[in-house]
Amino acid sequence: MSKIHIENLSKTYRSKRSRVTALEDVSLAIEQNEFVTLVGPSGCGKSTLLKIVGGLIRPSRGRLIYDGEPLLQPTRDVGIVFQEPVLLPWRATIDNVLLPAEILGLNLAQCRVRALELLKLVGLEGFESSYPRELSGGMQQRVALSRALIHNPSVLLMDEPFAALDAMTREELGFELMRIWDTHKKTVIFVTHNIVEAILLADRVVAMSPRPGRIAKIVKIDLPRPRTLDMEFTGEFKSYFDEIRAVIYSGGGAARP
Ligand SMILES: Nc1ncnc2c1ncn2[C@@H]1O[C@H](COP(=O)(O)OP(=O)(O)O)[C@@H](O)[C@H]1O
Ligand SMILES: [Mg+2]
């Protein structure tokens, strides 16, 4: 049984003056503990798809099945990380991580222990009492990752989480994320518009084409794990890159990078 079944999802945003079809008939099955990346140009509906999977918005058509059951209301079983860390500036690191636990009414003493473990896991030991303004962008995103994991969800949804970071921090966090995924066994859906990042992280890359957003191709990545940076320079990697790039930009109209 797949962890998540996305069945014939469509989404049209309607306002008084306009209609935008962001997704059209998207179907995808994601296996338990799989690492899937969604890649495509800006505006192709990646965030829309992720928000629907996270239960933040409703589809216009289609349905979602989690663990064999139709998802009818937001589930606690997901953690979400966005491009901006959106930390509360008046709360210290540990209290930002604990925020979902407070909202969900979980046992705070237990969650505090878990928060400290998570902060250690993401390399922020010693920064528990620091405030967001005292942390770099990469460190803030590590806090956001810990916060997304505090209630131990089995699904982690990430929407271009490293896009605002410099290239080195981005690579470093990518490898840390893979380490966490490997030890903590999560089903991950990771959105990016960076094809290299999409390939390096994924078990499967879902390539989307724009207007309306559709799945153009699903590419299984057979590079061994643990992944390393030098894999980027292999012929195998290059052929994945070319294959994905070709389908993403074949729709026409989209600007090339
Ligand atoms: N709340 C909204 N209202 C109206 N249109 C929207 C809304 N959110 C996104 N869109 C439109 O839907 C399309 C897909 O957007 P989005 O899912 O954010 O794409 P991506 O994350 O791939 O850049 C875009 O054309 C965007 O302008
Ligand atoms: Mg987006």
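In case you missed it, the structure is sitting above this.
Please read all numbers here as calculations on a predicted model, not as lab measurements. (Residues numbered from 1 in each chain as written. Chains lettered and ligands numbered in written order. Predicted model: local features only at pLDDT ≥ 70, side-chain atom pairs only at ≥ 80, totals over all residues.)

1. Structural notes on the overall build of the chain
Then step 1. Helix and strand counts for the chain come out as 7 helices and 10 strands.
Then step 2. The C-alpha radius of gyration computed for the chain amounts to 18 Å, which stays within 12% of the reference 18 Å derived for 257 residues, consistent with globular compactness.
Then step 3. With respect to the three principal axes, the spread of C-alpha positions in the chain is 50 × 45 × 40 Å.
Then step 4. Taking all 257 residues of the chain together, 35% fall into the buried category.
Then step 5. Summarising the internal contacts of the chain: among those between residues at least 6 apart in sequence, 71% fall at separations of at least 24. (Helix = DSSP H or I, 4+ residues; strand = E, 2+ residues; numbered from the N terminus. Rg over C-alpha atoms; globule rule 2.2 N^0.38 Å. Buried ≥ 20, exposed ≤ 12 C-beta atoms within 10 Å, placed from the backbone. Contact = placed C-beta atoms within 7 Å.)

2. Thoughts on the sheet that holds strand E6 (residues 78–81)
Then step 1. Pairing in this open sheet of 6 strands is mixed, and the strands run E6-E7-E8-E3-E9-E10 from one edge to the other. In this open sheet, the two strands that pair with only one neighbour each are E6 and strand E10 (214–220). Sheet twist, expressed as the average angle between the axes of neighbouring strands with direction ignored, equals 15°.
Then step 2. Relative to strand E7 (residues 155–159), E6 runs parallel, the two being bridged by 4 bridges. What sits directly across from Gly79, in E7, is Leu156. (Pairing = 2+ DSSP bridges. Axes fitted to C-alpha atoms, helices over the stretch in contact; angles between N-to-C directions.)

3. Description of the sheet that holds strand E2 (residues 19–30)
Backbone-to-backbone hydrogen bonds join strands into a sheet, with any given pair of strands oriented parallel or antiparallel.
Then step 1. Pairing is antiparallel in the open sheet, where 4 strands are placed in the order E2-E1-E4-E5. Edge positions in the sheet fall to E2 and strand E5 (69–70), since each has one partner strand and no second.
Then step 2. For strand E1 (residues 4–14) and E2, the ladder comprises 8 bridges, and the chain directions are antiparallel. Residue Arg14 lies in a different strand from E2, and its bridge partner there is Arg19.

4. A few points about the pairing of E7
Then step 1. Buried residues dominate E7, accounting for 5 of its 5 residues.
Then step 2. Of the two faces of E7, the one lined by Val155, Leu157 and Asp159 and the one lined by Leu156 and Met158 are each fully buried.
Then step 3. Bridge count between E7 and strand E8 (residues 187–192): 5 bridges; the pairing is parallel. What sits directly across from Leu156, in E8, is Val188.
Then step 4. Between E7 and its parallel partner E8, the chain crosses via helix H5 (residues 167–184), and the hand of that crossover is right-handed. (Right-handed = clockwise from strand over helix to strand, strands pointing away.)

5. Focus: the packing of helix H2 (residues 93–104) against helix H3 (residues 108–121)
Then step 1. Between H2 and H3, the least distance of the axes is 10 Å, while the angle of their chain directions is 130°. In terms of orientation, H2 lies oblique with respect to H3. Seen from above, H2 lies across H3 with right-handed handedness. Between H2, through Thr93, Ile94, Val97, Leu98, Ala101 and Glu102, and H3, the contact on the second element is made entirely by Leu108, Cys111, Arg112, Ala115, Leu118 and Leu119.
Then step 2. When its residues are assigned to classes, the contact of H2 with H3 shows 9 nonpolar, 1 polar and 2 charged. (Parallel < 35°, antiparallel > 145°, perpendicular 65-115°, else oblique. Left-handed = near helix turned anticlockwise from the far one by under 90°. Nonpolar A, V, L, I, M, F, W, Y, C, P; charged D, E, K, R; others polar.)

6. Some points on the site of ligand 1
Then step 1. The local shell around ligand 1 consists of Tyr13, Val20, Ala22, Gly40, Ser42, Gly43, Cys44, Gly45, Lys46, Ser47 and Thr48.
Then step 2. Secondary-structure elements contributing two or more residues to the shell around ligand 1 are E2 and helix H1 (46–53).
Then step 3. The biggest single contributor to the shell around ligand 1 is H1, with 3 residues.
Then step 4. Considered class by class, the residues forming the shell around ligand 1 number 4 nonpolar, 6 polar and 1 charged. (Near = placed C-beta within 6 Å.)

7. Here we look at H2
Then step 1. The set of residues buried in H2 consists of Thr93, Asn96, Val97 and Leu98.
Then step 2. At its buried positions, H2 is contacted by H3 and helix H4 (137–149).
Then step 3. After H2 finishes, the residue Gly105 shows a positive phi value of roughly 70°.

8. Regarding the nonpolar core
Then step 1. Among the nonpolar cores identified, the biggest contains 60 residues, and Val39, Val53, Leu157, Ile189, Val205 and Ala207 are the most heavily contacted of them.
Then step 2. Setting aside anything within four residues of it in sequence, one finds Val39 in contact with Thr192, His193, Ile195, Ala198, Val205, Ala207, Met208, Ile244 and Ile248. (Core = buried A, V, L, I, M, F, W, Y, C linked by C-beta atoms within 7 Å.)

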